[in-house]
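Residue-level structural notes
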Amino acid sequence: MTFPQQAVAEALVNESQATLVWAVTGAGKTEMLYPLLVARLAHGEKILLTAPRIDVCNELYLRLINVFPEKVISLYHGKKRIEGTGQLVIATVPQTLRFKEHFALVIVDEVDAFPYVNDPLLQRAVKQAKTKTGRLVYLSATPDKKMLQELVVLRLPARFHRRKLPVPQIVQPLFLKRQLQRGRLPKKVIQLVQECLTENDVLLFCPSIELLQALGKQLTLYFPETKATTVHARDEERIEKIEGLRAQKFNLLLTTTILERGVTFERVSVIVLDCSHPNYSKASLVQIAGRADRKSFQHAKVYFVTAEMTREIKNAIREIKDNNQLARKRGLLDEM
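The sections below set out a description of the structure shown in this document. (Residues numbered from 1 in each chain as written. Predicted model: local features only at pLDDT ≥ 70, side-chain atom pairs only at ≥ 80, totals over all residues. Heavy atoms only, no water.)

**Quick word on the overall build of the protein**
- Scanning the protein for helices and strands turns up twelve helices and 14 strands.
- Taken over the C-alpha atoms alone, the protein extends approximately 60 × 45 × 35 Å along its principal axes.
- Buried positions account for 56% of the 336 residues belonging to the protein.
- Taking the intrachain contacts of the protein between residues at least 6 apart in sequence as the baseline, contacts between residues at least 24 apart amount to 75%. (Helix = DSSP H or I, 4+ residues; strand = E, 2+ residues; numbered from the N terminus. Buried < 20%, exposed > 50% of the residue type's maximum accessible area, 1.4 Å probe, protein only. Contact = heavy atoms within 4.5 Å.)

Right, here's the structure in full:
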């Protein structure tokens, strides 16, 4: 663990109030939880680690079984149930409705994500899952202003590898909307994908399942020599495909925003189609950009492909630059 991560981890152990860990994508939020989890498990306390999305819960489970005894951990979500002792439970937020005043520590990962962020019932369920004297910890790379005002905030604006966050480059092909409506990728986007594939795998984000399905039919036409596939929320093979990208069975994954957060891949560049679409918020664009350059450095790129510059796009790029500036000011970056 790096010194900045250690500082946050120690503060988490020593703090008793509701706390927000505000750390950029790839900062190692999960790793910073380890000392807190170790301390609480040693006292025999029950812990809930919850997240809004199945993919995030699966990722958390894979990481934690390498650190803690597998038998201690239970995993609950709509597609899988793994029974452990129940001392440490990883579950999607809807699963927390099953518990009442049960956990001494409740940790909510990706607290700003759908469906938790806009659902008072789920937010209430999370709070009711903890004991009356229990503690809440929230994790996010893109928290809202209300959380920043109401909680004890521990901020880390840099990644563990001390490289700056990739700043998205704007690409504005001619007639973008018209071509996407016809289910076609602009030549400029095809060129970007091919260039990125020379050094990395590629995550190509679509704003809707409809567009993904239209483009997916032409993937082999666009990239005949590339191992490519599509994935979205209703895809029955979703978990297998995500694991396939991790295992480098695929080089190109055409995806909706279900992979905007909580999943980590080795050596990927990111291209986001139609960034002005209302399905992209500032937070989702920051999260999507954060999929790139998570581990080993391979000149990862991030491209925002758009017909117009919206406020969400501008604010996302500004937030990424602000984090880089703050990290540089605190001496947390090695200039490259």
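**Examining the packing of helix H11 (residues 282–289) against helix H12 (residues 311–329)**
- Look at H11 against H12: their axes get within 8 Å of each other, and the N-to-C directions meet at 50 degrees. With respect to their mutual orientation, H11 and H12 come out oblique. Crossing hand, H11 versus H12: right-handed. Within the contact between the two elements, H11 uses Lys282, Leu285, Val286 and Ala289 and H12 uses Glu312, Ile313, Asn315, Ala316, Glu319 and Ile320.
- Partitioned by chemical class, the residues of the contact of H11 with H12 number six nonpolar, one polar and three charged. (Axes fitted to C-alpha atoms, helices over the stretch in contact; angles between N-to-C directions. Parallel < 35°, antiparallel > 145°, perpendicular 65-115°, else oblique. Left-handed = near helix turned anticlockwise from the far one by under 90°. Nonpolar A, V, L, I, M, F, W, Y, C, P; charged D, E, K, R; others polar.)

**Section: the sheet that holds strand S14 (residues 302–305)**
- Overall, parallel pairing links the six strands, which are arranged S9-S14-S13-S10-S12-S11 in an open sheet. Each edge of the open sheet is held by one strand with a lone partner, namely strand S9 (169–171) and strand S11 (228–231). Neighbour-to-neighbour, the strand axes of this sheet turn through a mean angle of 20 degrees, independent of strand direction.
- Relative to S14, S9 runs parallel, the two sharing three bridges. Counted as the bridge partner of Ile170 is Phe304 from S14. (Pairing = 2+ DSSP bridges.)

**So, the sheet that holds strand S6 (residues 103–108)**
- Strand order across the open sheet formed by eight strands is S4-S3-S5-S2-S6-S7-S1-S8, with mixed pairing between neighbours. Each of the sheet's edge strands pairs with one partner strand only, and the pair in question is strand S4 (80–82) and strand S8 (152–156). On average, adjacent strands in this sheet sit at an angle of 20 degrees to one another, irrespective of strand direction.
- Strand direction decides the pairing type here: strand S3 (residues 73–77) and strand S5 (residues 88–92), joined by four bridges, are parallel. Residue pairing across strands places Ser74 opposite Val89, the latter belonging to S5.
- Along the sheet, helix H2 (residues 29–42) contacts strand S1 (19–23), strand S2 (47–51), S5, S6, strand S7 (130–140) and S8; its crossing angle with S7, the most-contacted strand, is approximately 165 degrees.

**Observations regarding H2**
- With 14 residues, H2 extends 21 Å between its outermost C-alpha atoms, agreeing within 8% with the 20 Å of an ideal straight helix rising 1.5 Å per residue.
- Pro35 marks the point of greatest bend in H2, at about 35 degrees.
- Immediately downstream of H2, the backbone of Gly44 shows phi near 75 degrees, a positive value. (Expected span 1.5 Å × (residues − 1). Bend = angle between axes of the 7 residues up to and from the residue.)

**Regarding the nonpolar core**
- Core analysis: the biggest nonpolar cluster contains 64 residues, and Leu64, Ile90, Ile107, Leu203, Leu259, Val272 and Phe304 have the highest contact counts within it.
- Contacts of Ile90, omitting those with residues within four sequence positions, involve Leu49, Cys57, Leu60, Tyr61, Leu64, Ile73, Ser74, Leu75 and Tyr76.
- Counting residues in hydrophobic clusters, the runner-up holds 24 residues, among them Leu176, Val193, Leu215 and Leu254. (Core = buried A, V, L, I, M, F, W, Y, C linked by side-chain atoms within 4.5 Å.)

**Looking at unusual backbone geometry**
- Cis geometry is found at the peptide bond from Phe114 to Pro115, where omega equals 5 degrees.
- Tracing the sequence through the fold places Pro115 in the loop between S6 and helix H4 (120–129).
- At Glu101, a residue that is not glycine, the phi angle is positive and equals roughly 45 degrees.
- Position of Glu101 relative to the elements: it lies in the loop between S5 and S6.
- A relative accessible area of 43% means that Glu101 is categorised as partly exposed.
- Even without being glycine, Gln248 reaches a positive phi, approximately 60 degrees.

**Digging into the state of the cysteines**
- The tally for this structure, following the rule as stated, stands at zero disulfides.
- A disulfide-free cysteine, Cys206 has its sulfur positioned 11 Å from the sulfur of Cys275, the nearest such atom. (Disulfide = S-S within 2.5 Å.)

**With respect to the environment of Ala300**
- Tracing the chain through its elements places Ala300 in the loop between H11 and S14.
- Take Ala300: its relative accessible area is 14%, and that puts it in the buried class.
- Residues within four places of Ala300 in sequence aside, it is in contact with Asn200, Val268, Ser269, Ala292 and Asp293.

**Re the packing of aromatic side chains**
- The final tally for this structure, using the stated rule, is three aromatic pairs.
- Ring geometry for Phe99 and Phe103: centres 5.0 Å apart, planes at 65 degrees, overall edge-to-face.
- Positioned above the aromatic ring of Tyr76, the side-chain terminus of Arg98 is 4.5 Å from the ring centre.
- Positioned over the ring face of Trp22 is Arg155, at 3.8 Å from the centre of the ring. (Phe/Tyr/Trp six-rings, centres within 6.5 Å; stacked < 30°, edge-to-face > 60°. Lys NZ or Arg CZ within 6 Å of the ring centre and 35° of its normal.)

Any functional reading would require information beyond the geometric quantities listed.
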